Amino acid sequence: MRITVATASLVMVAMPSMGFLPTVRHQGARAQRRNLRMAAKCDVMVVGCGLPSRGMGWFHSLQMLNGECPSAELNHIVEPWFLGGGKEVTGMASNWRVPYNTTNARPPTFAQGPAGEEFAAFKEEWEPKGCAFHASLETVPPPTGPRMALIAGRTADNPKLLRDVIEAGCTKVMLEKPGATTVADLVDMSAYAKEKGVDVYMGYNKNIASYITKAREVEAKTEGAKTKLVTLNAYERDELEECFTRNSEGLLKNMAIHELALAATFYGMRASNVETVEVNEENSECLTLGGFTDFVKVEFTMTTTEGTSVTIFADRCGGAEAMAIVSDSTGKEVFTSTLPDEALKAEVEKKMADFPDVMPYFWQQESDYRSLKERCAVMAVSNERGAPEGVATIEIAIAALELAEYLTPIMQKELM
């Protein structure tokens, strides 16, 4: 029997006759809240869906629309560009996003494709099934209960979007990384959310990924252990100019921000306590393309004043994989965990072959994305404050972004 919000009270009374649950009057407050959480679904709104097959917001939306997150019900998608000035676009960057309050600006053309038509087809498929599509937050009806906003638009728009969704009545916010383009913006966002009593969770899915958990377990048992965090994307060299333009905040604030969040969460790395930064120049490359200077790849080791160290390697053209490599005190590698692991790799490769237009890393991390949203939705519908187990908060995002801003000029100066 499917339990919905509307049937929760009835079922909780009726089920005792079937021998499943005690009646409501015999339950304690905690048990009642637990049963309500099990029965209810969190009203979710995605802001910034992006292009089907390419946008992170689209992938989040698809998982919820397909019922992969049992506690999340996606009722509204807000997409200013493809429901505004981007309706007729046929040639554009694959995941280009205009500023939130701009509806008619045209993006630069990098790749030809029926972008507007693709989004229209996505809307036509899901709108009749109950998910409403909006060009603006202004047309979204106010919530009647707990509502979580999942913001996955342009990073530069997030400070305004966070305020807008909170003012629109959202009680929880899930914010895609890195959260904002500057530390100052992120600090202001955190302060505003706290003032309004709204918890902000971050889309740092690697914090709860099994490959990280496994590596940390080995690390804890290995004397003098050192860990290297690796993240690889599958861009071709001729796609780098588009990549640099579309992700103009830079590699450390975008692709490698997950690893910086891991460093902040599990290794205590902060911009204020990093004593040394060693760049492996032989495994690093920095270029200026389309007016943007950024890393194609970079490997570096941070060591804190307390002597804790961690190495990060990010390569935009290195493949479609993430790894955690643990070495012992002699430098010998004793353990490597991967995302995807061998069991998942065949499944990922099949999906990549079946859906070649979908970004490969979506398939690598789909179970973690799913778990992250489910944990956040359960917490949102409970009306309780705090963060779900393992989920990064906006405070971790601030620490990660501070590291990115500290490290980028140091390493670019060394490589240019």
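Look a little higher up for the structure.
What comes next concerns the included structure. What you see is a predicted model, and the numbers here were worked out from it, not measured in a lab.

### Topic: unusual backbone geometry
Generally, phi is negative for residues other than glycine and the peptide bonds are trans, each holding for most cases.
Piece 1. The peptide bond linking K177 to P178 adopts the cis configuration, its omega dihedral lying at 0 degrees.
Piece 2. Relative to the elements of secondary structure, P178 occurs in the loop between strand 5 (172–175) and helix 6 (183–196).
Piece 3. With an omega of 0 degrees, the peptide bond running from L339 to P340 counts as cis.
Piece 4. Structurally, P340 is set in the loop between strand 13 (333–339) and helix 10 (342–354).
Piece 5. The residue S53 is not glycine, and still its phi comes out positive at about 80 degrees.
Piece 6. On the secondary structure map, S53 appears in the loop between strand 1 (42–47) and helix 3 (56–65).
Piece 7. According to the relative accessible area criterion, S53 is buried, its value standing at 17%.
Piece 8. Despite not being glycine, N383 has its phi angle at roughly 65 degrees, a positive value.
Piece 9. Tracing the sequence through the fold places N383 in the loop between helix 12 (366–382) and helix 13 (394–415).
Piece 10. Relative accessible area serves as the criterion here: at 55%, N383 is assigned to the exposed category.

### Considering empty space enclosed by the protein
Piece 1. For the coordinates displayed, the defined rule picks out two cavities of 30 Å³ or more.
Piece 2. Approximately 40 Å³ is the volume attributed to the second largest cavity.
Piece 3. Forming the walls of the second largest cavity are I212, A215, R216, T227, L229, L262, F266, Y267 and A324.
Piece 4. Looking at the lining of the second largest cavity, the elements with two or more residues in it are helix 7 (210–221), strand 7 (226–234) and helix 9 (257–266).
Piece 5. Looking at the lining of the second largest cavity, the element that brings in the most residues is helix 7, giving three residues.
Piece 6. Residues belonging to the lining of the second largest cavity are distributed by class as follows: seven nonpolar, one polar and one charged.

### Concerning the pattern of salt bridges
Piece 1. All told, the structure shown has 20 salt bridges when counted by the stated rule.
Piece 2. Where E68 meets R370, a salt bridge forms, and the shortest distance between an N and an O atom there is 3.1 Å. You can see E68 sitting in the loop between helix 3 and strand 2 (72–78) and its partner R370 sitting in helix 12, a full 302 residues away along the chain.
Piece 3. Given the relative accessible area of 27%, E68 is considered partly exposed.
Piece 4. For R370, a relative accessible area of 25% corresponds to the partly exposed category.
Piece 5. Here K160 makes a salt bridge to D164, at a shortest N to O gap of 3.2 Å. Placement of the pair is K160 and D164 together in helix 5 (residues 158–167), with a separation of four residues, close to one helical turn.
Piece 6. For K160, a relative accessible area of 41% corresponds to the partly exposed category.
Piece 7. Shared partners join several salt bridges into a network, and the residues in it are E68, E347, K351, E366 and R370.

### What to know about the packing of helix 9 against helix 13
Piece 1. The contact between helix 9 and helix 13 brings their axes to 8 Å, and the two run at 115 degrees. Taken together, the axis directions place helix 9 and helix 13 in an arrangement best described as roughly perpendicular. Crossing geometry of helix 9 relative to helix 13 is assigned as right-handed. In this structure, helix 9 uses I257, L260, A261, A264 and T265 to contact helix 13, whose residues at the interface are I396, A399, A400, L401, L403, A404 and L407.

### Some details on the state of the cysteines
Piece 1. A full pass over the atoms with the stated rule returns zero disulfides.
Piece 2. C317 forms no disulfide, and the closest cysteine sulfur to it belongs to C243, at a distance of 7.7 Å.
Piece 3. A relative accessible area of 26% places C317 in the partly exposed class.

### Concerning helix 4 (residues 115–126)
Piece 1. Its twelve residues give helix 4 an end-to-end C-alpha distance of 17 Å, which sits within 8% of 16 Å, the value for a rise of 1.5 Å per residue.
Piece 2. Those residues of helix 4 that are buried lie in contact with helix 3, strand 2 and strand 3 (132–134).

### Here we look at the pairing of strand 12 (residues 317–327)
Piece 1. Where strand 7 meets strand 12, eight bridges bridge the pair, whose relative direction is antiparallel. Within strand 12, the position partnered with L232 by the bridge is E321.
Piece 2. Relative to strand 13, strand 12 runs antiparallel, the two sharing six bridges. Residue A324 lies in a different strand from strand 13, and its bridge partner there is S337.
Piece 3. Remark: five residues form the turn of the hairpin made by strand 12 and strand 13, two consecutive strands paired antiparallel; G331 in that turn has positive phi of roughly 95 degrees.

What counts, and where the lines are drawn
- Residues numbered from 1 in each chain as written.
- Predicted model: local features only at pLDDT ≥ 70, side-chain atom pairs only at ≥ 80, totals over all residues.
- Heavy atoms only, no water.
- Helix = DSSP H or I, 4+ residues; strand = E, 2+ residues; numbered from the N terminus.
- Buried < 20%, exposed > 50% of the residue type's maximum accessible area, 1.4 Å probe, protein only.
- 1 Å grid on protein atoms, 1.4 Å probe; cavity = no way out; pocket = protein on both sides within 12 Å on 5 of 7 lines; lining within 4 Å.
- Points joined across faces, edges and corners; volume = space filled by probe spheres on them.
- Nonpolar A, V, L, I, M, F, W, Y, C, P; charged D, E, K, R; others polar.
- Salt bridge = Lys/Arg side-chain N within 4 Å of Asp/Glu carboxyl O.
- Axes fitted to C-alpha atoms, helices over the stretch in contact; angles between N-to-C directions.
- Parallel < 35°, antiparallel > 145°, perpendicular 65-115°, else oblique.
- Left-handed = near helix turned anticlockwise from the far one by under 90°.
- Contact = heavy atoms within 4.5 Å.
- Disulfide = S-S within 2.5 Å.
- Expected span 1.5 Å × (residues − 1).
- Pairing = 2+ DSSP bridges.

Without other data, these values stay purely geometric and don't point to any function.
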